[in-house]
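Structure assessment
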Amino acid sequence: MPSSPDMTTALDPGLLDALQHQVAVFARRAEQTRLAGTGQLRTSMDRAAYLLLNRLDLEGPMGVKALAAGMGIDSSTVTRQVAPLVDTGLVKRASHPEDGRAVVLELSARGRTRLEEVRDSRRQLMAEVTEGWSADERESFCTLLTRFNSALSARQSGALLQAPDTQSVPTS
């Protein structure tokens, strides 16, 4: 869904420049810290692992295709990202309850414990980073960030629907 020239010229280019710069800085800082919470190595987790474990925790066991579709990435990417999680015992493969030939991925007890450690640490980080903020400011920021992420996701989905079949799906 390309933007029309009128859309960007009607908005303040300086504000758009500042916004894109702040998003880029946020992405870099988030990746640098891996949102490791309070900075303890044991509570850090890479983005892909966190998102996969979180989705399995919130939505329950599912197959690779469903997991990939829900995350907006391709199945081969999910397979590659899940492999180390299975190897370390955070995720387990199980037979599908209705079709024993199919395999579903589910969060293991160890994975659930690890995910909760990471969540707790990240909650602490969010509390520290927004310490001087009011509850309304935290809520507004969360609402706007959710809206921003939803718009990016919708744009990506629209672009993927319009893209040729040979184009690979972005993995982030």
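We now turn to the structure provided with this report.

Within the protein, the regular secondary structure consists of seven helices and two strands. Relative to its 172 residues, the protein shows a buried fraction of 23%. Residue pairs at least 24 apart in sequence account for 51% of intrachain contacts in the protein once pairs closer than 6 positions are excluded.

Looking now at the nonpolar core. Within the largest apolar cluster, 20 residues are counted, with the highest numbers of intra-cluster contacts made by Leu53, Leu56, Leu67, Val78, Val82, Leu85 and Val91. Contributions of two or more residues to this core are made by helix H3 (47–59), helix H4 (64–71), helix H5 (75–87), strand E2 (103–107) and helix H6 (109–129). Counting residues per element, this core draws most heavily on H3, which supplies five residues.

Below, the discussion takes up the environment of threonine 33. By secondary structure assignment, the location of threonine 33 is in helix H2 (residues 13–33). Judged by its relative accessible area of 40%, threonine 33 falls in the partly exposed class. When the C-alpha positions of threonine 33 and methionine 45 are compared, they lie 9.6 Å apart, and in sequence the two are 12 residues distant.

With that settled, consider H3. In a regular helix each residue adds 1.5 Å, so 13 residues correspond to 18 Å; H3 covers 18 Å between its end C-alpha atoms and thus fits that length. Regarding H3, the residues found buried are Ala49, Tyr50, Leu52, Leu53, Asn54 and Leu56. Considering only its buried residues, H3 is in contact with H4, H5, strand E1 (91–95), E2 and H6. The backbone nitrogen of alanine 48 lies 3.1 Å from a side-chain oxygen of the residue at the head of H3, namely aspartate 46. Backbone geometry just downstream of H3 places glycine 60 in the positive-phi region, at approximately 85 degrees.

In total, this model carries one aromatic pair according to the counting rule given. Both rings, one in tryptophan 133 and one in phenylalanine 141, keep their centres 5.4 Å apart while their planes meet at 85 degrees; by these two values the pair is edge-to-face. Residue classification places tryptophan 133 among the partly exposed positions, given a relative accessible area of 32%. If you follow arginine 122 out to its NZ or CZ, it ends over the ring of tyrosine 50, 4.0 Å from the centre.

Under the criterion given, the structure shown has eight salt bridges. Note that arginine 114 is salt-bridged to glutamate 117, the shortest N-O span being 3.9 Å. Of this pair, arginine 114 and glutamate 117 both sit in helix H6, separated by three residues, roughly a single helical turn. Connected through shared salt-bridge partners, Asp57, Arg112, Glu116, Arg119, Asp120 and Arg123 make up one network.

This part is about the packing of H3 against H5. At a minimum axis separation of 10 Å, H3 and H5 run at an interaxial angle of 90 degrees. Taken together, the axes of H3 and H5 are roughly perpendicular relative to one another. Contacts between H3 and H5 involve Ala48, Ala49, Leu52 and Leu53 on the former and, on the latter, Val78, Gln81, Val82 and Leu85. Classifying every residue of the contact of H3 with H5 gives seven nonpolar, one polar and no charged.

The rules behind the values
Residues numbered from 1 in each chain as written. Predicted model: local features only at pLDDT ≥ 70, side-chain atom pairs only at ≥ 80, totals over all residues. Heavy atoms only, no water. Helix = DSSP H or I, 4+ residues; strand = E, 2+ residues; numbered from the N terminus. Buried < 20%, exposed > 50% of the residue type's maximum accessible area, 1.4 Å probe, protein only. Contact = heavy atoms within 4.5 Å. Core = buried A, V, L, I, M, F, W, Y, C linked by side-chain atoms within 4.5 Å. Expected span 1.5 Å × (residues − 1). Polar contact = N/O pair within 3.5 Å; in protein donor to acceptor, adjacent residues only side chain to side chain. Phe/Tyr/Trp six-rings, centres within 6.5 Å; stacked < 30°, edge-to-face > 60°. Lys NZ or Arg CZ within 6 Å of the ring centre and 35° of its normal. Salt bridge = Lys/Arg side-chain N within 4 Å of Asp/Glu carboxyl O. Axes fitted to C-alpha atoms, helices over the stretch in contact; angles between N-to-C directions. Parallel < 35°, antiparallel > 145°, perpendicular 65-115°, else oblique. Nonpolar A, V, L, I, M, F, W, Y, C, P; charged D, E, K, R; others polar.

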